[in-house]
Amino acid sequence: MELSIHSDASYMKEALRQAQYAFDEGEIPVGAVIVCQNRIVARAYNQTEKLQDVTAHAEMLAITSAANTLGAKYLSECTLFVTLEPCLMCGGALYWSQMGRVVYGASDPKRGVLQVGASVFHPKTQVQGGVMQAEAKALLDTFFKNLRG
């Protein structure tokens, strides 16, 4: 299903909807959408438990879906909206896909690619953090509070 939305907040709301799906399934609540030419071409959420696959992060699944949808391995004209700062693995995949822009919600002080001091994004990739950060962080905080509860 294609959806045309025209603001970063609107796209991030869709990523948060994906994160809620993960939350509801007992997965760490991270969601992602990839937008190309003002339309969503991929949606995904963390599925590492469901698929028993440590690489089944929202970003990884979204990259594969977008590449399949567009019939192209390079996503230089696309923007990834993700609710949590990508990890080093996802940063590497974003590098290789040549993602044009990455917009994330909450920072990940323990495992975030920017937090660990790695600069793995493609040199032309634009990166913006903090979009709907409070909402993304609240969902993550609730998940981990319930997990430890």
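What you see is a predicted model, and the numbers here were worked out from it, not measured in a lab. (Residues numbered from 1 in each chain as written. Predicted model: local features only at pLDDT ≥ 70, side-chain atom pairs only at ≥ 80, totals over all residues. Heavy atoms only, no water.)

S.K.: Lay out the UniProt feature "binding site: Zn(2+)" (unreviewed entry) in the protein in plain terms, naming residues and giving numbers.
M.R.: UniProt marks His 57, Cys 87 and Cys 90 with the feature "binding site: Zn(2+)" (unreviewed entry), using the numbering shown here. The largest pairwise C-alpha distance within this set of annotated residues, which runs over 34 residues, is 9.3 Å, so the set is compact in three dimensions. Considering only the residues just annotated, the largest pocket is lined by His 57 and Cys 87. In this fold, His 57 is placed in the loop between helix 2 (48-51) and helix 3 (58-70). (UniProt positions renumbered as here; feature names shortened; annotations may be inferred. 1 Å grid on protein atoms, 1.4 Å probe; cavity = no way out; pocket = protein on both sides within 12 Å on 5 of 7 lines; lining within 4 Å. Helix = DSSP H or I, 4+ residues; strand = E, 2+ residues; numbered from the N terminus.)

S.K.: Go over the sheet that holds strand 3 (residues 78-84), please, and point to the residues and values.
M.R.: Read from one edge of the open sheet, five strands run 2-1-3-4-5, paired in mixed fashion. In this open sheet, the two strands that pair with only one neighbour each are strand 2 (39-45) and strand 5 (126-128). Averaged over all adjacent pairs, the angle separating strand axes in this sheet is 15°, with direction ignored. Where strand 4 (residues 101-106) lies against strand 5, three bridges are found, and the strand directions are parallel. By the bridge assignment for strand 5, Val 103 is matched with Gln 128. (Pairing = 2+ DSSP bridges. Axes fitted to C-alpha atoms, helices over the stretch in contact; angles between N-to-C directions.)

S.K.: Outline the pairing of strand 1 (residues 31-36), listing residues and values.
M.R.: When you tally the buried positions in strand 1, you get six out of six residues, the bulk of the element. Of the two faces of strand 1, both are covered, the one formed by Gly 31, Val 33 and Val 35 as well as the one formed by Ala 32, Ile 34 and Cys 36. Here six bridges tie strand 1 to strand 2, and the two strands are oriented antiparallel to one another. When the sheet's bridge partners are listed, Gly 31 is paired in strand 2 with Tyr 45. The loop that links strand 1 with its antiparallel partner strand 2 comprises two residues; one of these, Gln 37, has a positive phi angle of about 50°. Two strands pair when backbone bridges link them, and strand 1 and strand 3 are joined in this way by five bridges, in the antiparallel orientation. Bridged to Val 35 within strand 3 is Thr 79. (Buried < 20%, exposed > 50% of the residue type's maximum accessible area, 1.4 Å probe, protein only.)

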